[in-house]
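Below, each chain spelled out in residue letters.
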Amino acid sequence: QVQLVESGGGSVQAGGSLRLSCVVSGSTSSSICMGWFRQAPGKEREVVAAIYTRDHSTYYRDSAKGRFTISQDNAKNTLYLQMNSLNTEDTAMYYCAAADNRWCPNNIIVRSTYNFWGQGTQVTVSS
């Protein structure tokens with residue numbers, strides 16, 4: 001079993017920055033692929049960024065490229081999402097997710113690939 005706990009959300013003005021953290025516990029070796037997803041009210045949950053933990057390959061949705069950075073610290077069992085140049089469209093509940101199947105890299109940006117989810121942390125960006 002894998003447990004994921006997000007933190008670091010909050011309220012920030014447009015142009016500001018936040019760093020989200022996701023602490024992984026339990027069967028940490030099972031987190032082969034990890035990702036950050038977000039969901040705004042009335043919208044579908046969408047991938048923000050993902051990482052293949054074996055070779056550190058990263059993936060970003062177009063709107064996040066150049067602004068967001070996903071990274072991992074294995075010593076701390078923590079996944080991060082550094083978010084810069086935030087805008088109001090980034091407002092959402094952000095979720096950390098992990099996948100334990102060895103073929104997850106083939107569908108790393110697909111929501112259904114992930115079988116472990118955190119409870120989410122709210123990010124609110126005001127203008």
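Quick caveat, the model's predicted, so the values are computed rather than measured.

Colleague: Which parts of the structure should I look at to understand the pattern of salt bridges?
Modeller: Pairing is possible between side chains of opposite charge, provided their charged atoms come close. Per the stated rule, a full pass over the model turns up six salt bridges. With its nearest N and O atoms 3.6 Å apart, the salt bridge here joins R111 to E44. Here the residue R111 occupies a position in the loop between strand 9 (92-99) and strand 10 (116-117), and E44 occupies one in the loop between strand 4 (33-39) and strand 5 (46-52), the gap between them amounting to 67 residues. Its relative accessible area of 37% is what places R111 among the partly exposed residues. Between R61 and E46 there is a salt bridge whose closest N-O contact spans 3.4 Å. Placement of R61 in the loop between strand 6 (57-60) and strand 7 (68-73) and of E46 in strand 5 is noted, with a sequence separation of 15 residues between them. Residue classification places R61 among the partly exposed positions, given a relative accessible area of 26%. Taking relative accessible area as the criterion, E46 reaches 26% and is therefore assigned partly exposed. Linked by salt bridges that have partners in common, R38, E46, R61, R67 and D90 make up one network.

The rules behind the values
Residues numbered from 1 in each chain as written. Predicted model: local features only at pLDDT ≥ 70, side-chain atom pairs only at ≥ 80, totals over all residues. Heavy atoms only, no water. Salt bridge = Lys/Arg side-chain N within 4 Å of Asp/Glu carboxyl O. Helix = DSSP H or I, 4+ residues; strand = E, 2+ residues; numbered from the N terminus. Buried < 20%, exposed > 50% of the residue type's maximum accessible area, 1.4 Å probe, protein only.

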